[in-house]
Amino acid sequence: MRQALPVLVVLAALLAIWVVACIPMNIKLALTQAERVGVDVVPPDVRVRQEMSGLALALRNPSVIPEVYTLDRPRLPAPGQVGRDFWENTVERKVTSKRSLVFHGWVTLSATLNGFFLGTALGILLAVGIVYSRTMELSIMPWAIISQTIPIVALAPMIIVLVAAVGIEGRLVPKAIISAYLCFFPILVGMVAGLRAPDRMQLDLLKTYSATPLQVFWKLRVPTSLPYLFTSLKVGIAAALVGTIVGELPTGAVQGLGARILIGDQFGTPIQIWSALLATAILAGVLITGIGVLQRLTLRRMGALQ
Amino acid sequence: MILVVLALLVWATGWWINGRLAQSAARDSFAVRLAAPALFGFTVLLMWELLVRGLDVSPVILPAPTAIAARFGAELGTLWLDFTQTAIRGAATGYFIGCFAAFVMAILVDRIPFLQRGLLPIGNFVAALPIVGIAPILVSWFGFGWQSKAAVVVAMVFFPVLVNTVTGLAQTTVMQRDLMRTYSAGYWQTLLKLRLPAAMPFIFNGLKISTTLALIGAIVAEYFGSPTYGMGFRITTSVGQLALDMVWAEIAVAALAGSLFYGGVALIQRRVTFWHPSQRS
């Protein structure tokens, strides 16, 4: 409870700032609309209003202020509008509908999970190779670091062309590859640190047991690396979701939360963009919490957590 | 066919030399640490060239490195224009504004423990969100010019830097702070002489993460509207024209810019936090 209170207060403050910010952001649109239905606005000339700040306009036309929260296409939708749109498109709409956010969330989720598993497998395999082979460490590790400084979005359209050229249909594979590219690195770094975590003493003890290298790997290195793995999995799943959204944004995708944002931009419906963003945030929260629960369960069974 | 066999041969030779380097007496020297990855990169490029020629891959699918290099040389002017628009005006401006704002915010938050407890979990969560999604909104607010790109970058780098700075400022021990108090140091003196230096490794961690985010933000924002130049604009139009050598040249520029940006920040970190264990070899 002591922890929840500050968070709730900050959230409430952010929400309040959002509500207040709607007034200067939307007042020009609201005034134009009010003028059309015959309300007297000050000043009456649109061109003069264009030059004025939103705050000054709001102060001169206090009667129009409530209108800023009910616009169809506001520059900044009010929290209530976003919430209502989100509710309509998740709970009240059938899941099979093309406008259901649950449907689009599922498309994004499946690409994210595919990319996440691909990236995790790649990261773990590379980490094992790097820990056991000095050649691999010398030649691959620097490139793994450089690969992350290349902005993946530059590669995204390329990957889609390449995957299509190889003859794979659909949008799932390119999106999964992009998210795997973003999420393999934190897992690689975490696993290299984790697999190297056993100290001399522990390795020597296993040597006195005359353990084979395979036994050392499974009975010592893998268990010690698990806490490191879960920490990097949390970073990795967030990175995978970023990758999927980036993969959907610039490529003309028609399904997925990124596509909802894209379509909302093309059709000029900001409320739709904001509710898709809300859905993305919820999806991210669910994924990170899921990994956290998995982490606690596994570590508790291993006795590493009380 | 000969070229394909040659490619495999190149791969085997490169790997063999690297294996020898890794086992040699000078394995921990700076020269080997530089030569091994360089050789690996060169091997991959050579294989790429040989395979593209040997298997007759269409340039519409994957152009050869030499073709990309030729295009790079021929279009230097265009590439430079795109680079200044996206990397300097968009990414770098946004990066500086965003990092500075996050830093100031962290110092302010640091004085109020209540805010700190409330903001840190939210900041941590927001830092994990795909913030690139707000790119279309910011482009519609700030127009098609570089200002909207800088705004997207500000939004993307703000939270990682904020979270890392706040965490860093909490790194000093009670003993260290008590020592400062026995010197009768005030808030600002403690901040400047003890807590900020102690926070530097964390701050630089955030700054380094943000370099890549900045470039990603600037490029993605261009997909939603830009003048007729800029890296994101050029990549989308070139993919449409199937001029893939141009796309790869642009990717090379992005990779170069990203690496230099990251390397620059890492170099400053080395200078500033020379005392930290991770910087001493």
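The shown structure was predicted, so the numbers you read here are calculated from the model rather than taken from an experiment.

Caption draft 1: Region of interest: the overall build of chain B. Along chain B, the regular secondary structure elements total 11 helices and 0 strands. Its helices and strands taken in sequence order, chain B reads α-α-α-α-α-α-α-α-α-α-α from the N to the C terminus. What you see for chain B is a C-alpha radius of gyration of 24 Å, clearly larger than the 19 Å of a compact globule of 281 residues, by over 25%. Seen along its three principal axes, the alpha-carbon backbone of chain B occupies a region of about 75 × 60 × 30 Å. Per-residue burial over chain B gives 41% buried out of 281 residues. For chain B, long-range pairs separated by at least 24 residues make up 76% of all intrachain contacts whose partners lie at least 6 apart in sequence.

Caption draft 2: Main features of helix H6 (residues 134-149) of chain A. The end-to-end C-alpha distance of H6(A), which contains 16 residues, comes to 24 Å, matching closely the 22 Å that a straight helix rising 1.5 Å per residue would cover. Considering bend angle alone, the principal kink of H6(A) is centred on A:Ile140 and spans about 35 degrees; proline A:Pro142 follows within four residues of it. Of all the residues in H6(A), the buried ones are A:Thr135, A:Met136, A:Leu138, A:Ser139, A:Ile140, A:Gln148 and A:Thr149. Each element contacted by the buried residues of H6(A) is listed here: helix H5 (101-132) and helix H8 (172-195) of chain A together with helix H1 (2-23), helix H2 (30-54), helix H9 (187-222) and helix H11 (244-272) of chain B.

Caption draft 3: A look at the interface of chain A and chain B. At the junction of the two partners, chain A supplies 45 residues and chain B supplies 47 residues. Within the residue set of the side of chain A that touches chain B, elements represented by two or more residues are helix H1 (4-36), H6, helix H7 (152-166), helix H10 (213-248), helix H11 (257-266) and helix H12 (270-302) of chain A. For the side of chain A that touches chain B, the class distribution of residues is 35 nonpolar, 7 polar and 3 charged.

Caption draft 4: View of the confidence of the model for chain B. Residues and elements named next belong to chain B. A residue-level look at chain B finds 99% of positions with pLDDT of 70 or above and a mean pLDDT of 87. Mean pLDDT across the secondary structure elements of chain B bottoms out at H1, with 82, and peaks at helix H8 (residues 174-182), with 92. Two summary scores accompany this predicted model of the complex, namely pTM at 0.85 and ipTM at 0.82.

Caption draft 5: How the structure looks around the packing of H8(A) against H10(A). Residue and element names in this part refer to chain A. Packing of H8 against H10 leaves a shortest axis separation of 7 Å and a crossing angle of 155 degrees. As judged from the angle between their axes, H8 and H10 are roughly antiparallel. Crossing geometry of H8 relative to H10 is assigned as right-handed. Of the residues belonging to the contact of H8 with H10, the class tally is 19 nonpolar, 11 polar and 3 charged.

Calculation criteria
Residues numbered from 1 in each chain as written. Chains lettered and ligands numbered in written order. Predicted model: local features only at pLDDT ≥ 70, side-chain atom pairs only at ≥ 80, totals over all residues. Helix = DSSP H or I, 4+ residues; strand = E, 2+ residues; numbered from the N terminus. Rg over C-alpha atoms; globule rule 2.2 N^0.38 Å. Buried ≥ 20, exposed ≤ 12 C-beta atoms within 10 Å, placed from the backbone. Contact = placed C-beta atoms within 7 Å. Expected span 1.5 Å × (residues − 1). Bend = angle between axes of the 7 residues up to and from the residue. Nonpolar A, V, L, I, M, F, W, Y, C, P; charged D, E, K, R; others polar. pLDDT = per-residue confidence, 0-100. Axes fitted to C-alpha atoms, helices over the stretch in contact; angles between N-to-C directions. Parallel < 35°, antiparallel > 145°, perpendicular 65-115°, else oblique. Left-handed = near helix turned anticlockwise from the far one by under 90°.

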